[in-house]
Protein chains: 2
Amino acid sequence: MRMSELSATTVTPVPTLKFYLREHLLHAGERTSPNQSQYDETHVERVRLVRALLEVGGLSVAQAATVIGVLTDDSIPLSSVFGVAQRAVTMPAPLTRESRGDGAARIAELCERRGWTVYPNNPGLALAARVVDTYAELGVDVITEAVLEPYAEAADLVAGADLAAVAAAPSEAGMTTVVAVGTVLGDALFAGLRRIAQEAESFRRFPLPEGTPAPGTTYTDEDC
Amino acid sequence: MRMSELSATTVTPVPTLKFYLREHLLHAGERTSPNQSQYDETHVERVRLVRALLEVGGLSVAQAATVIGVLTDDSIPLSSVFGVAQRAVTMPAPLTRESRGDGAARIAELCERRGWTVYPNNPGLALAARVVDTYAELGVDVITEAVLEPYAEAADLVAGADLAAVAAAPSEAGMTTVVAVGTVLGDALFAGLRRIAQEAESFRRFPLPEGTPAPGTTYTDEDC
DNA sequence: CGACTATAGACAGTGACACTATCGATAGTG
DNA sequence: CACTATCGATAGTGTCACTGTCTATAGTCG
C-alpha cells in the first residue's frame, strides 16, 4: 500500500500522515527504494488509533505519542501500562500549582475509607484534590460525603469494569491496547453517559409541568 | 477595588483581565470616570470561576463564556441550565461526523433498559455513541454489556449525587451555579477518582510479585 | 503644581499547536 | 518519456489564549 492509498482508506490527508510520521505517531513504512515505502494494515490501524486519541480522547499530539510509545515499547511491563497511560492522559498543567486547600487530605481520607491503596504519585490523587480545592475556592461547598461517596462508588464500579475488560483480552499485547485505549476513551464514555443520566435524573426529580416538551423516544440519533 | 488590586488578589496579570473583559468572561466594573472603574468581590469570584473553568475544567474561552452566560442570564429556566451547560462543555467537533457504527443504537438500547428518558439532542447520546463506535473501529471489542452496565450504573450514581447537590443549594441562583460548575468539574473529579480506583483495583486483581514496590500510605500529597 | 504611576481602550504581537503547502530530486506507470 | 506519486526538508497557515504597546486621561504624593 502506498501513502496515497493509506491516505484514502483512513480519510486523512497525505501531509497529515507525513506530519504523523515526523511526530512518531505513525511508524515508518517498509522502504522499497530511497523515496518509496510500503504501508500495510498496521499503518491503517495506527492512523485510526491516532485519530481516536486526538479527536475522541482530546489528547494533544505529544500525549498521543506517549500513549503510542507505551503500546510499542515491549519493555514496559503490563503493570506499569496503566500508570504510564494515566500520566500521559491526565493534563499536567493544573496539577503543578500546589493545592492550598485540604483537598489532598479529603481525598486521602476517602482512599483510606474505601481501602484504595495507590502510589502517592497516582495522577488521580492530585487531580481529584485539585478539583475539591477548586470547588472550595469557588465557595460551592457541595463536595460533602454525600457527593464524594457516590462518586467513589461509581469510580469503583467503572474501574472494576475496566480491569475486567483488560483481563478478558486474549494476549498481553491486547491487554496493553485495552489499557491505553480504555484509559482515554473510558473518560469520554463515562462523560457521555453521565450527561444522559443527569438529564434523566433531572426529569425524575423535577417533573415537567403539564406543559408538553416531553422527551420523545430515547433512541433518535438525529441531532442537527 | 482597582484593576491592579483585582489582579493581585486573583493572581492574574492585568492584560489577562483586560482580555477577559473583552471576551465577556468578566463583567465591567463600575465606571467612576472615563478611564477608571471600580471592581468588587463579584469580580474576584468571577475571575476565580473563569480560571477554574479554563484550567481545571479544560474549557476554551468560548465555552467558558457560554457557561458564564448561562449563570448571568436570568431568563434561562433552571430546567434548561443543565442542557445548556452540557452542550457548552461537551466538545462538539467529534460529534459532527455522523457515526457509521451501531453505537447510537447500542446507547439507545441502554437508555431503554435503564429507563433513561432524555431528549434526543442530549449531547451525551452522541458522545457515548461516538465512543462506542470508536472502540469498534479500533477493533477493541470490549464494550460488551459487562462493561456498559457498570458504566451506566456508575453514571446513575453520579447523576443522583449531582442532582442531590443541586437540590440542596439554598437559592435558585445557587442551583444554577452548582449545575454549571458541577457539570464542568464533575467530569474532572470523576476522572481523578477513576484513576485512583483503577490502580487500586489493579493491585487487587494482579497482586505485586514478592518484589517490593508496594504502595506506601495513600495519603502522601507530595509528588514532584 | 508637577512628577509619577495607574487606567481604559484599541490594536498589534507572541508562542504553542496541529496541521498544510511547497520544493527538489527521484521512482513508478501507461 | 510524459506524468503522477513519493520522500524528506523546510516553511507557512490558522487558531487560540494570552501579552505587549500606545495614547490620553486620572489619581496620588511631595
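The rules we used
For every chain, the first residue of its written sequence is number 1, and the numbers climb from 1 along that sequence. Chains and ligands are labelled sequentially in the order written, the chains with letters from A and the ligands with numbers from 1. Totals for whole chains, interfaces and linings use every residue, but because this is a predicted model, local features are given only for residues with pLDDT of at least 70 and side-chain atom pairs only at 80 or more, for both listing and counting. The side-chain numbers reported here are obtained from all heavy atoms of the structure, hydrogens and water having been left aside. The copies were overlaid with a least-squares fit restricted to C-alpha atoms from residues scoring a pLDDT of at least 70 in each copy. What makes two residues a contact is simply this: any of their non-hydrogen atoms within 4.5 Å. We call a residue near a molecule or strand as soon as one heavy atom of that residue lies within 4 Å of the molecule or strand. N or O atoms closer than or at 3.5 Å make up a polar contact, with two conditions inside protein: a donor-capable atom paired with an acceptor-capable one, and, for residues adjacent in sequence, both atoms drawn from side chains. Only DSSP runs of H or I reaching four residues or more are called helices, and only runs of E reaching two or more are called strands; each is numbered from the N terminus. Amino acids are sorted into nonpolar (Ala, Val, Leu, Ile, Met, Phe, Trp, Tyr, Cys and Pro), charged (Asp, Glu, Lys and Arg) and polar (every other residue, Gly among them). Only rings of Phe, Tyr and Trp enter the pairing, Trp through its six-membered ring, and a pair is recorded when the two centres are within 6.5 Å. The plane angle decides the type: under 30 degrees is stacked, over 60 is edge-to-face, the rest tilted. For every residue, the accessible area (1.4 Å probe, protein chains only) is compared with the maximum for its type, and the residue is labelled buried under 20%, exposed over 50%, or partly exposed between those bounds. Once two parts are put together, the accessible area they lose, assessed with a 1.4 Å probe and summed over both, is termed the buried area. We define a salt bridge as a contact between a side-chain nitrogen of Lys or Arg and a carboxyl oxygen of Asp or Glu at a distance within 4 Å. The span you would expect from a helix comes to 1.5 Å times its residue count less one. Each axis is a line fitted through C-alpha atoms, and for a helix only the stretch in contact is used; angles between axes span 0 to 180 degrees, taken between their N-to-C directions. An angle below 35 degrees is read as roughly parallel, one above 145 as roughly antiparallel, one from 65 to 115 as roughly perpendicular, and any other as oblique. Here is the rule for handedness: rotate from the far helix to the near one, and if that takes an anticlockwise turn smaller than a right angle the crossing is left-handed, while a clockwise turn gives right-handed. We treat two strands as partners when DSSP finds at least two bridges between them.

**Student:** What is the right way to look at the relation of the copies chain A and chain B in this model?
**Tutor:** Relating the two copies of this chain is a rotation about some axis coupled with a shift parallel to it. Here chain A sits on chain B after a turn of 180° about the axis and a move of 0.0 Å along it, with an RMSD of 0.0 Å. In the structure described here, the two chain copies are related by an operation that fits a two-fold rotation axis. Nearest to the rotation axis, the C-alpha of A154 of chain A is located 2.1 Å from it, this being the minimum over chain A. A share of 99% of interface residues in chain A that are also interface residues in chain B marks the association as one of identical surfaces.

**Student:** Help me out: how do you make sense of the protein's contact with DNA strand D in this one?
**Tutor:** Inspection of the region around DNA strand D gives 23 residues, with R2, S4, R31 and Y39 of chain A together with N35 of chain B positioned closest. The share of sugar and phosphate among atoms of DNA strand D within 4 Å of the protein is 76%. In this structure, a phosphate oxygen belonging to DNA strand D sits 3.5 Å away from a side-chain N or O atom of Y20 of chain B. The element contributing the most residues to the surface near DNA strand D is helix α2 (residues 14-22) of chain B, with 5 residues. Class assignment of the residues belonging to the surface near DNA strand D gives a composition of 9 nonpolar, 9 polar and 5 charged.

**Student:** Quick question: what am I supposed to make of unusual backbone geometry here?
**Tutor:** In most cases, non-glycine residues show a negative phi, while peptide bonds are predominantly trans. At V11 of chain A, a position not held by glycine, the phi torsion is positive, near 55°. Relative to the helices and strands, V11 of chain A resides in the loop between α1 (3-10) and α2 (14-22).

**Student:** Before we go on, may I ask you to explain the packing of aromatic side chains in this structure?
**Tutor:** Any aromatic ring pair is given by two values, namely how distant the centres are and how the planes are angled relative to each other. All names here are of chain B. Under the criterion given, the structure shown has 5 aromatic pairs over all chains. Ring geometry for F19 and Y20: centres 6.0 Å apart, planes at 50°, overall tilted. In this structure F19 comes out as partly exposed when scored by relative accessible area, which is 29%.

**Student:** Whenever I open this one, the protein's contact with DNA strand C confuses me. Can you help?
**Tutor:** For DNA strand C, the set of nearby residues contains 24 residues, the closest of which are R22 and N35 of chain A together with S4, R31 and Y39 of chain B. Sugar plus phosphate, as a fraction of atoms of DNA strand C within 4 Å of the protein: 75%. Elements represented by at least two residues in the surface near DNA strand C include exactly α2 of chain A together with α1 (3-10), α2 and β2 (36-38) of chain B. Top contributing element to the surface near DNA strand C by residue count: α2 of chain A, with 5 residues. Taken together, the residues of the surface near DNA strand C break down into 10 nonpolar, 9 polar and 5 charged.

**Student:** What is the right way to read the interface of chain A and chain B from this model?
**Tutor:** When the parts come together, some accessible area is lost, and that loss is often what is quoted as the size of the interface. In this assembly, 101 residues from chain A lie in contact with 100 residues from chain B. Carbon and sulfur atoms supply 70% of the area buried between chain A and chain B, which totals about 9100 Å² over both sides. Three residues, Y119, Y151 and R195 of chain A, lead the burial of chain A against chain B; their summed loss comes to 8% of the area buried on that side. For R204 of chain A, the salt bridge is made with D156 of chain B, and the minimal N-O distance between the two is 3.9 Å. The tally of links from chain A across to chain B stands at 28 residue pairs in polar contact (both at pLDDT 80 or more). Listing elements by their share of the side of chain A that touches chain B, those giving two or more residues are α3 (41-56), α5 (78-89), α7 (103-114), α8 (123-137), α9 (145-168) and α10 (172-205) of chain A. Residues belonging to the side of chain A that touches chain B are distributed by class as follows: 62 nonpolar, 20 polar and 19 charged.

**Student:** Explanation requested: α8 of chain A in the structure shown.
**Tutor:** All names here are of chain A. Taking 1.5 Å of rise per residue, 15 residues should cover 21 Å, and α8 covers 21 Å from first to last C-alpha, within 8% of that figure. Here α8 lies mainly inside the structure; 13 of its 15 residues are buried. Two or three places before G124, at the start of α8, stands the capping residue N122, its side-chain oxygen 2.7 Å from that residue's backbone nitrogen.

**Student:** I would appreciate a short explanation of the packing of α8 of chain A against helix α3 (residues 41-56) of chain B in the present structure.
**Tutor:** Two packed helices can be described by the angle between their axes and the distance between those axes. Between α8 of chain A and α3 of chain B, the shortest axis-to-axis distance is 10 Å and the interhelical angle comes to 165°. Here α8 of chain A is positioned roughly antiparallel relative to α3 of chain B, judged by the angle of their axes. Note on packing geometry: the crossing formed by α8 of chain A with α3 of chain B is left-handed. Here R130, V131, T134 and E137 of chain A of α8 of chain A lie close against α3 of chain B, whose contacting residues are R48, A52, E55 and V56 of chain B.

**Student:** Where do I start with the pairing of strand β1 (residues 30-33) of chain B in this structure?
**Tutor:** In the case of a regular strand, side chains alternate between the two sheet surfaces. Residues and elements named next belong to chain B. Judged from the 3 bridges that link them, β1 and β2 form a sheet pairing that is antiparallel. Each bridged residue has a counterpart across the sheet, and for S33 the counterpart in β2 is Q36. Counted between consecutive antiparallel strands, the loop separating β1 from β2 contains 2 residues.

**Student:** I would appreciate a short explanation of the pattern of salt bridges in the present structure.
**Tutor:** Should their charged atoms come close, side chains of opposite charge can pair. Throughout the structure, instances matching the rule amount to 30 salt bridges over all chains. Linking E55 of chain A and R130 of chain B is a salt bridge whose minimum nitrogen-to-oxygen distance equals 3.4 Å. Residue E55 of chain A is located in helix α3, and its partner R130 of chain B is located in helix α8 (residues 123-137); the two belong to separate chains. Classification of R130 of chain B by relative accessible area gives buried; the value is 10%. E145 of chain A is the partner of R106 of chain A in a salt bridge, and the nearest nitrogen-oxygen pair spans 3.8 Å.

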